[in-house]
Structures are given as C-alpha cells and as structure tokens.
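Now for the letters of each chain:
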Amino acid sequence: MPRGRYSLHDPHDHTPFAHEHFHCAPGPSGWRYVSQLTTPQGDHQGSVDLTLDDLGRPLRLELHAGSWQVRGAALDGVTWVRTDPTGAHAIEGTAPAHAFTGTSPAFLVATARLLRLTSSAAAGATRVRLVCFTHPVLAPRTVDQSWALVDRETHATDNGPLTVDEYQVTALDTGEVHAVHVAGDVVLSAPGIELEDLESPPSLFA
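Keep in mind that what you see is a predicted model, and the values were worked out from it rather than measured. (Residues numbered from 1 in each chain as written. Predicted model: local features only at pLDDT ≥ 70, side-chain atom pairs only at ≥ 80, totals over all residues. Heavy atoms only, no water.)

Caption draft 1: Looking closely at the pairing of strand E10 (residues 126-134). One ladder, built from 4 bridges, connects strand E9 (residues 99-102) with E10; its direction is parallel. Pairing of alanine 99 across the sheet is with leucine 130, part of E10. Looking at chain direction, E10 and strand E11 (residues 139-157) are connected through 9 bridges and run antiparallel. Within E11, the position partnered with threonine 134 by the bridge is alanine 139. Counting the residues that bridge the hairpin from E10 to E11 gives 4 residues, and of these leucine 138 lies at a positive phi of roughly 60°. (Pairing = 2+ DSSP bridges. Helix = DSSP H or I, 4+ residues; strand = E, 2+ residues; numbered from the N terminus.)

Structure, rendered in structure tokens:
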C-alpha cells in the first residue's frame, strides 16, 4: 500500500498551496485513494476519497475543501452533488463525461487507469472529457483533454523493476501540452505536483 506525501503548487508561478498526505491500494472493487490536505503552514485544508472500479470508472468520489463538499460517481456520464459553505443548499450536477479531475494527483492515476493506453505510435492520442473541480471552492467545469502514452521505461530498484509511463496530456481548449509521469498508482511528476515522500513502492495494476 503506497503511502506518502505530495506537494502541490501553482504550475505557472510555483506558489505552494498544499501538502497532500495520501495512501492508496488496489482492492476488491478496483482501487481506492484517500488523502488529507494541509496548508504549507500545517493547517487542515481538505480531503480526497476516490474509489475506482476495475475499469477505472469512479464508483465514489468525496472531496472536501474548506466548507465545500462534493460527492460524485459515474452515473449516466458523471453525477455529483456540491454543498455550499452554509450547508443550506445542495446543487446536483450531471455531465456526459468519462470521469472527474482536479488538483489531486489521484485524478491523474485515475485517468491513466481509465484510458489504459498503449505505447504504440499507431494508437495516437485518446480524447477524454472530464469534470474538473477547481481549487479551492470545488466549482465544477467540463474540460476536454487528449492523452498519449509517449514512453515506457523500466528501472531496476531494490524492490524489483519499476515501470514508469510518460504521458503527453493536451488541454484541447487552450492547446497547452504537459508531461505526466506515473509509476503504478503513484504520480512521480506532473505540472503543479511534486512527490516529496514515498514510504513503500507503488502498487501495480493487473
């Protein structure tokens, strides 16, 4: 069961905004990721709880950020309920999207798991539509991305071989392209994400 800490920062000006303390593991239903977020000063900032099925679809998502809360799942596309800071109102949303995304590294692992891309050049890029919950108020917006697996390398480690996948991710609304490196169920590097500590090796998906 991988357990560790990511640091999250603004990908443009590199301003740090959170540490994400996480653990994750494959399970009977697919894969689960749980994390607690703290500010750079150590104050509690929120949490992430994401469960995927064997196909990489979101069975259950629960996000907390400040007083905001989102619960969601894959249902007729994706469906979610977002609760305002007062708790007096809950707004339900649906979208014809494949899954969710946001600032947490969990969503990059989830999208990679959902797409299951091959490194074949003939496969090209795969387009995916996601509902993104923006930091820090969890406002939903629909985004379109394309993902391509551009490299796969295996490295020898003390715990056996470690396979690292490099994805090229393109935001289709802006054309911005960035690289994401994933090993099993751990993000090694991505814009705005730095893996600072990892207590055990990544889990491998079947």
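Here the narrative resumes.
Caption draft 2: Quick peek at the side chain of threonine 79. Here threonine 79 lies in strand E7 (residues 78-83). Taking the relative accessible area as the measure of exposure, threonine 79 reaches 16% and is therefore buried. A distance of 2.9 Å separates the side chain of threonine 79 from the backbone oxygen of leucine 75, its partner in a polar contact. Each residue touching threonine 79, except ones within four places of it in the same chain, is listed here: Arg71, Gly72, Ala73, Glu92, Gly93, Thr94 and Phe100. (Buried < 20%, exposed > 50% of the residue type's maximum accessible area, 1.4 Å probe, protein only. Polar contact = N/O pair within 3.5 Å; in protein donor to acceptor, adjacent residues only side chain to side chain. Contact = heavy atoms within 4.5 Å.)

Caption draft 3: Focus on the packing of aromatic side chains. Taken as a whole, this structure holds 6 aromatic pairs when the rule is applied. Aromatic pair tryptophan 31 and tyrosine 33: ring centres 5.9 Å apart, planes at 45°, arrangement tilted. Classification of tryptophan 31 as buried rests on a relative accessible area of 1%. In this structure an aromatic cluster arises from ring pairing among Tyr6, Phe22, Trp31 and Tyr33. (Phe/Tyr/Trp six-rings, centres within 6.5 Å; stacked < 30°, edge-to-face > 60°.)

Caption draft 4: Looking closely at the nonpolar core. With 49 residues, the main nonpolar core has Phe133, Trp147 and Tyr167 as its most contacted residues. Here this core gets 8 residues from one element, more than from any other, and that element is helix H1 (residues 105-115). The residues touching tryptophan 147, leaving out its near neighbours within four places in the chain, are Leu108, Thr111, Ala112, Leu115, Leu117, Gly124, Ala125, Thr126, Val128, Tyr167, Gln168 and Val169. (Core = buried A, V, L, I, M, F, W, Y, C linked by side-chain atoms within 4.5 Å.)

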